Amino acid sequence: MTTLIKGGTVVSSTGADRAEVLIDGERIAAVLQPGSDIAAAAARGAEVVDASGRLVVPGGVDVHTHMEIPFGGTFSSDTFETGTRAAAWGGTTTIVDFATQYYGDNVREALDARMASAEGNCAIDWGLHMIIGDVHNDSLKEMDLLVNEGITSFKLFMAYPGVLYADDAQILRAMQQAAGNGGLIMMHAENGLAIDVLAEQAFERGETSPVTHGYVRRKELESEATHRAIQLARVGAAPLYIVHLSASEALEQVAIARDSGMNVFAETCPQYLHFSLEEHLDRPGFEGAAYVCSTPIRSRAEGHQDDLWKGLRTNDLAVVSTDHCPFCMKEQKELGVGDFRAIPNGIGGVEHRMDMIYQGVVTGEISLPRWVELCATTPARMMGLYPRKGAIAPGSDADIVIYDPDKQWTISVDNHHMNMDHSAYEGIAVTGHVDTVYSRGSKIIDGGQYLGRAGDGVYLRRGLSQYLQ
């Protein structure tokens, strides 16, 4: 079956032009000049979709999600089925989630278990990173094998002592391994040992509310860990990707490294651009628990949000992901009533990334092509999925979003599709809305209806990052 999308403005990472997109089966067959003889010929026998007045963009690529993972005595509330369906509603057609090797676990067994959870349940295409929570000779050898099998990125944690924490020696060894096999090291950069000291002291002083989470996970401890990770990467000669960067001081460390020519990259998330400690984490009672995540939401008075938008413009921040890790307030976030340390860390946002970053286009923070670059093209390139993903080009998968740039609406728990009993984005008025979504040529969202099903998504074997110099 062929489909011709006509009348719209096709947006790529390099520009926006009127064009017609021909889909043949699962792939994009051609991008055509409007009104050309070729376009007219293509229209004959094809389903013609009128995208007049709308944007035609590559399906979003979210390379940092956590579906149904154990954390803080519970599990994130979205399954692979519910979470990927919600992603589709928000214009994301590819996710890269995580398999986790905890301390004492076998890497291969952890990966096999995670594959079994996702296989046959995802509504959109998916891949996996590997979290190495126990660095030793066997897990290092597995890194080489996984790269050959299409898992080409490995996440380490400088936070969460006793759970996932890696010390400097372990980090260096993993980086040296990645330098040899071409893999990308992803880093949760916070000084977890120091944070735990501050958290215990705060609790002993009777400071138990959710906002304390933000106070003890200090910006200096994100900056220090980011600097340390960069220096270890310099010694280990490995590429480094800092996840969920939230503090201006950490961004400064990334900028210095990039200016020196290092293979250092960073992502941020919508919550760090739009939320603040004062307005959200410090809400009365227990309401702030909805905004507890790590790294934490930062102070607007200190200018972090403005600096992050600037980082997106300068490319010191290359990617916007979500770190989607949803928990319900009832029976999950409420595990931390009376002790902020027990609040499960995470915000659900996989459905809202494309819209919330588009608000930066509306307000003039970023350009239209930069929106596509941050949300689709660069994440695909960064994680070895381009040009199959992240582009509207002949031969690419027909992952396409038809986006209404002018529609105004309000986000609510009543209209989102994530498996949560609240929305961190409740009441936010946005401009721009996903109208239609194609995943490998199949229409899965259209006219306010979900047309897909669990199992539509396929597993993606990834190549090496295309940004390594």
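What counts and what doesn't
- Residues numbered from 1 in each chain as written.
- Predicted model: local features only at pLDDT ≥ 70, side-chain atom pairs only at ≥ 80, totals over all residues.
- Heavy atoms only, no water.
- Helix = DSSP H or I, 4+ residues; strand = E, 2+ residues; numbered from the N terminus.
- Rg over C-alpha atoms; globule rule 2.2 N^0.38 Å.
- Buried < 20%, exposed > 50% of the residue type's maximum accessible area, 1.4 Å probe, protein only.
- Contact = heavy atoms within 4.5 Å.
- Pairing = 2+ DSSP bridges.
- Axes fitted to C-alpha atoms, helices over the stretch in contact; angles between N-to-C directions.
- Phe/Tyr/Trp six-rings, centres within 6.5 Å; stacked < 30°, edge-to-face > 60°.
- Lys NZ or Arg CZ within 6 Å of the ring centre and 35° of its normal.
- Salt bridge = Lys/Arg side-chain N within 4 Å of Asp/Glu carboxyl O.
- 1 Å grid on protein atoms, 1.4 Å probe; cavity = no way out; pocket = protein on both sides within 12 Å on 5 of 7 lines; lining within 4 Å.
- Points joined across faces, edges and corners; volume = space filled by probe spheres on them.
- Nonpolar A, V, L, I, M, F, W, Y, C, P; charged D, E, K, R; others polar.
- Parallel < 35°, antiparallel > 145°, perpendicular 65-115°, else oblique.
- Left-handed = near helix turned anticlockwise from the far one by under 90°.
- pLDDT = per-residue confidence, 0-100.
- Core = buried A, V, L, I, M, F, W, Y, C linked by side-chain atoms within 4.5 Å.

Student: So what about the overall build of the chain? Which residues, and what values?
Tutor: The secondary structure content of the chain amounts to 14 helices and 21 strands. Against the compact-globule benchmark of 23 Å for 469 residues, the chain has a radius of gyration of 21 Å, which places it among compact chains. When the 469 residues of the chain are sorted by exposure, 61% land in the buried category. Partitioning the intrachain contacts of the chain with sequence separation of at least 6 by distance along the chain shows that 76% fall at a separation of at least 24.

Student: Lay out the sheet that holds strand β4 (residues 20-24) in plain terms, naming residues and giving numbers.
Tutor: Strand pairing in a sheet takes place through backbone hydrogen bonds and is either antiparallel or parallel in direction. The sheet built from 4 strands is open, its strands ordered β5-β4-β1-β6 with mixed pairing. Where the open sheet ends on each side, the last strands, each with one partner, are β5 (27-32) and β6 (47-50). Shown here is a sheet whose adjacent strand axes are inclined to one another by a mean of 20°, direction ignored.

Student: Could you give an account of the sheet that holds strand β20 (residues 442-446), naming the residues involved and the relevant values?
Tutor: Reading across from one edge, β3-β2-β7-β18-β19-β20-β21 is the order of the 7 strands in this open sheet, with mixed pairing throughout. Unpaired on one side and paired on the other, β3 (15-18) and β21 (449-450) mark the two borders of the sheet. Across the sheet, helix α13 (residues 353-363) lies against β7 (55-58), β18 (400-410) and β19 (429-439), angled at about 125° from β19, the strand it touches most. The sheet strands contacting helix α14 (residues 368-382) are β2 (9-12), β3, β7 and β18, and the helix crosses β7 at an angle near 30°.

Student: Give a description of the packing of aromatic side chains that names residues and reports values.
Tutor: Scanning the entire structure with this criterion turns up 10 aromatic pairs. When the ring of Trp 371 is compared with that of Tyr 403, the centres are 5.0 Å apart and the planes differ by 55°; the resulting orientation is tilted. One end of the pair, Trp 371, is in helix α14; the other, Tyr 403, is in strand β18, and 32 residues separate them in sequence. You'll find Trp 371 and Tyr 403 in the same group, each marked buried. Grouped by ring-pair contacts, the aromatic residues Phe 71, Phe 157, Tyr 160 and Phe 327 constitute a single cluster. Across from the ring centre of Tyr 450, 6.0 Å away, lies the NZ or CZ of Arg 85, which sits over that ring. Directly above the ring of Phe 98 sits Lys 155, whose terminal nitrogen or CZ lies 4.7 Å from the centroid.

Student: Pulling in residues and values, what's your account of the pattern of salt bridges?
Tutor: Per the stated rule, a full pass over the model turns up 29 salt bridges. Note that Glu 142 is salt-bridged to Arg 108, the shortest N-O span being 2.9 Å. Of this pair, Glu 142 sits in helix α4 (residues 137-148) while Arg 108 sits in helix α3 (residues 107-118); the two residues are 34 residues apart in sequence, bridging distant segments of the chain. You can call Glu 142 buried: its relative accessible area is 16%. Close ionic contact of Arg 228 with Glu 224 constitutes a salt bridge, the shortest N to O distance being 2.7 Å. Of this pair, Arg 228 and Glu 224 both sit in helix α8 (residues 219-236), 4 residues apart, which is roughly one turn of the helix. Glu 224 sits in the partly exposed class, given a relative accessible area of 29%.

Student: If you had to explain the layout of surface pockets to someone new, which residues and values would you point to?
Tutor: It is a probe the size of a water molecule, rolled over the atoms, that shows where empty space is left. A volume near 670 Å³ is recorded for the largest pocket. Around the largest pocket sit 35 residues that line it, and Phe 71, Tyr 160, Arg 217, Ser 294 and Asn 345 are the ones nearest its centre. Where the lining of the largest pocket is concerned, the elements lending two or more residues are β9 (70-71), β13 (153-157), α6 (192-204) and α7 (211-216). Residue composition of the lining of the largest pocket, by class: 19 nonpolar, 10 polar and 6 charged.

Student: Give a description of the packing of helix α9 (residues 248-259) against helix α12 (residues 304-314) that names residues and reports values.
Tutor: In contact at an axis separation of 9 Å, α9 and α12 are set at 25° when each is read in the N-to-C sense. Between α9 and α12, the interaxial angle falls into the category roughly parallel. Two packed elements cross with a definite hand, and for α9 against α12 that hand is left-handed. Of α12, the residues touching α9 (which contributes Ser 248, Glu 249 and Leu 251) are His 304, Asp 307, Leu 308 and Gly 311.

Student: How would you sum up the packing of α13 against α14? Please name residues and give values.
Tutor: Contact geometry for α13 and α14: axes closest at 9 Å, N-to-C directions at 150°. The pairing of α13 with α14 is recorded here as roughly antiparallel in orientation. Of the two possible hands of crossing, α13 and α14 adopt the one that is right-handed. Contacts from Arg 353, Met 354, Ile 357, Tyr 358 and Val 361 in α13 reach Leu 368, Trp 371, Leu 374 and Cys 375 in α14.

Student: Break down unusual backbone geometry for me, with residues and values.
Tutor: For the bond from Ser 294 to Thr 295, the omega torsion is 0°, close enough to zero to count as cis. Along the chain, Thr 295 turns up in the loop between α11 (277-281) and α12. Cis geometry marks the peptide bond from Tyr 386 to Pro 387, where omega comes out at 5°. Within the element layout of this structure, Pro 387 appears in the loop between α14 and β18. In the Ramachandran plot, Tyr 160 falls in the positive-phi region, its phi being about 60° despite a non-glycine side chain. Looking at where Tyr 160 falls in the secondary structure, it is placed in the loop between β13 and α5 (168-181).

Student: Tell me what's going on with the pairing of β4, and back it up with residues and numbers.
Tutor: With 4 of 5 residues buried, β4 lies mostly within the body of the structure. As paired strands, strand β1 (residues 2-6) and β4 are joined by 4 bridges and run antiparallel to one another. Counterpart to Ile 5 in the pairing with β4 is Val 21. In this antiparallel pair of consecutive strands, β4 and β5, the connection spans 2 residues, and Gly 25 shows a positive phi of 65°.

Student: Describe the confidence of the model for the chain, listing the residues and the values that go with them.
Tutor: Across the chain, the average pLDDT comes to 97, with 100% of residues at or above 70. When the elements of the chain are averaged for pLDDT, helix α1 (residues 37-43) gives the smallest value, 85, and strand β8 (residues 60-62) the largest, 99.

Student: Go over the nonpolar core with me, naming the residues and quoting the values.
Tutor: Met 130, Ile 185, Met 187, Leu 240 and Trp 371 are the most contacted members of the largest nonpolar core, which totals 106 residues. Listed in part, the 21 residues of the second largest apolar core include Val 61, Val 63, Phe 98 and Ile 131.

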